[in-house]
Amino acid sequence: MNESQIPPKNIVLIGFMGSGKSTVGRELHHRLGYPLVDMDQVIEMRTRKSIRTIFEKMGEEAFREMETTLLKELIDPTVPRRIISTGGGVIGREQNRIMLRQLGYVVWLNAPLKVLLDRTAKNLDRPLLHVDDPASRIEALMTVRKPLYAETAHLKIDTAELDSDEIATGILESARYFFAGHL
Ligand code: S3P
C-alpha cells in the first residue's frame, strides 16, 4: 500500500469562536506529535494580513474562499496525520462539511453562550463579533450553525466544565476507538 492509499487519520476540531479549538489543538499536537494546522493562522500567514484586515479589505466571502482552498489542500493525503483547528464558520459551506469528514475524526467543541461571550469579549480579531450586542450575534449565529456542527461532527464535547487536558484525553480515547486502535 503506498502513502496515498492510507486513509487519513487527522483529528479535526470544529466549534464556535471561543470554544477552545486552538488551545485543545495545541494540547493534542504536544501529546501526539502530529503537525498542527491552525487554519486561521495559515490564512493569516499566507495573506500576511490579520483575519480582521481580510474581512475589512477583502470581505467575508474572500475569507470563506480561502478556507475552502485550504481544506482542498489538506485533503491531499501525503501528510495523513495532522491536528487541524478550524475557524468557527468553516461549516457554513456544504463542500467544506464534506471535506472535513473526509479528513478524519471531527470533534465539535461546544460551550454555552456565556462562556463563548466571556472568551471572545476582549479579542479584536473576531470581526463577526464587532457589533453593539455580541450576545445576540452569537445566539443568532449559533442557531444557524448548531445543526451544521452536529451534522459534521463524529463527537461532541461540552467543554464548559473541562480543562484542555481533560478534553484532549477524551478526544484521544474516542479517536483511538474511531480509528480502530491505530492513531
Ligand atoms: C469565524 C471564526 C474565526 C475566524 C473568523 C470567522 C467565524 O475563527 O475564522 O473570524 O465565522 O466564526 P475562530 O473560531 O478560531 O475564532
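Procedures and definitions
Residues numbered from 1 in each chain as written. Predicted model: local features only at pLDDT ≥ 70, side-chain atom pairs only at ≥ 80, totals over all residues. Heavy atoms only, no water. Phe/Tyr/Trp six-rings, centres within 6.5 Å; stacked < 30°, edge-to-face > 60°. Buried < 20%, exposed > 50% of the residue type's maximum accessible area, 1.4 Å probe, protein only. Lys NZ or Arg CZ within 6 Å of the ring centre and 35° of its normal. Near = heavy atom within 4 Å. Polar contact = N/O pair within 3.5 Å; in protein donor to acceptor, adjacent residues only side chain to side chain. Areas by Shrake-Rupley, 256 points an atom, 1.4 Å probe, with all protein chains shown as cover. 1 Å grid on protein atoms, 1.4 Å probe; cavity = no way out; pocket = protein on both sides within 12 Å on 5 of 7 lines; lining within 4 Å. Sits in = over half its atoms within 2 Å of the grid points. Helix = DSSP H or I, 4+ residues; strand = E, 2+ residues; numbered from the N terminus. Contact = heavy atoms within 4.5 Å. Axes fitted to C-alpha atoms, helices over the stretch in contact; angles between N-to-C directions. Parallel < 35°, antiparallel > 145°, perpendicular 65-115°, else oblique. Left-handed = near helix turned anticlockwise from the far one by under 90°. Nonpolar A, V, L, I, M, F, W, Y, C, P; charged D, E, K, R; others polar.

1. As for the packing of aromatic side chains
Next up, step 1: Under the definition given, this model contains five aromatic pairs.
Next up, step 2: Relative to Phe63, the ring of Phe55 lies with its centre 5.1 Å away and its plane at 45 degrees, an arrangement referred to as tilted. Across the pair, Phe63 and Phe55 agree in class, each one buried.
Next up, step 3: Taking the centre distance of 5.1 Å and the plane angle of 75 degrees together, the rings of Phe178 and Phe179 count as edge-to-face.
Next up, step 4: The class of Phe179 is buried, set by a relative accessible area of 10%.
Next up, step 5: Taken together, Tyr105, Phe178 and Phe179 form an aromatic cluster joined through their ring pairs.
Next up, step 6: The side chain of Lys156 reaches across the aromatic face of Trp108, ending 5.1 Å from its centre.

2. Some remarks on the site of the ligand
Next up, step 1: Taken together, the neighbourhood of the ligand is formed by 14 residues, with Lys21, Asp40, Arg64, Arg126 and Arg145 sitting nearest.
Next up, step 2: At a separation of 2.5 Å, an oxygen atom of the ligand approaches a polar side-chain atom of Lys21.
Next up, step 3: Here Gly88 contributes a backbone N or O atom positioned 2.9 Å from an oxygen atom of the ligand.
Next up, step 4: Considering the ligand on its own, with 390 Å² of exposed area, one finds that the protein chains cover 96% of that surface.
Next up, step 5: More than half of the atoms of the ligand fall within 2 Å of the grid points belonging to the largest pocket.
Next up, step 6: Of all the secondary-structure elements, those providing two or more residues to the shell around the ligand are α3 (51-58) and α4 (60-75).

3. What to know about the environment of Ile91
Next up, step 1: Summarising the element assignment, Ile91 is placed in the loop between β3 (83-85) and α5 (94-103).
Next up, step 2: According to the relative accessible area criterion, Ile91 is buried, its value standing at 0%.
Next up, step 3: It is 21 Å that separates the C-alpha atoms of Ile91 and Ile167, two residues lying 76 residues apart in sequence.
Next up, step 4: Look past the residues within four positions of Ile91 in its chain and what remains in contact with it is Ile14, Arg97, Leu100, Arg145, Leu148, Tyr149 and Thr152.

4. A short note on the side chain of Thr159
Next up, step 1: Along the chain, Thr159 turns up in the loop between β5 (155-158) and α8 (164-178).
Next up, step 2: With residues up to four places along the chain from it excluded, the contact list for Thr159 reads Ser19, Leu109, Asn110, Ala111, Arg119 and Ile167.

5. Examining the packing of α4 against α5
Relative placement of two packed helices is described by the angle separating their axes and the distance separating the axes.
Next up, step 1: The geometry of α4 relative to α5 is characterised by a closest axis approach of 10 Å and an angle of 25 degrees between their N-to-C directions. Here α4 is positioned roughly parallel relative to α5, judged by the angle of their axes. For the crossing formed where α4 meets α5, the hand is left-handed. Contacts between α4 and α5 pair Thr68, Leu71, Lys72, Leu74 and Ile75 from the former with Gln95, Asn96, Met99, Leu100, Gln102 and Leu103 from the latter.
Next up, step 2: For the contact of α4 with α5, a count of residues per class yields six nonpolar, four polar and one charged.

That is the geometry; function is a separate question.
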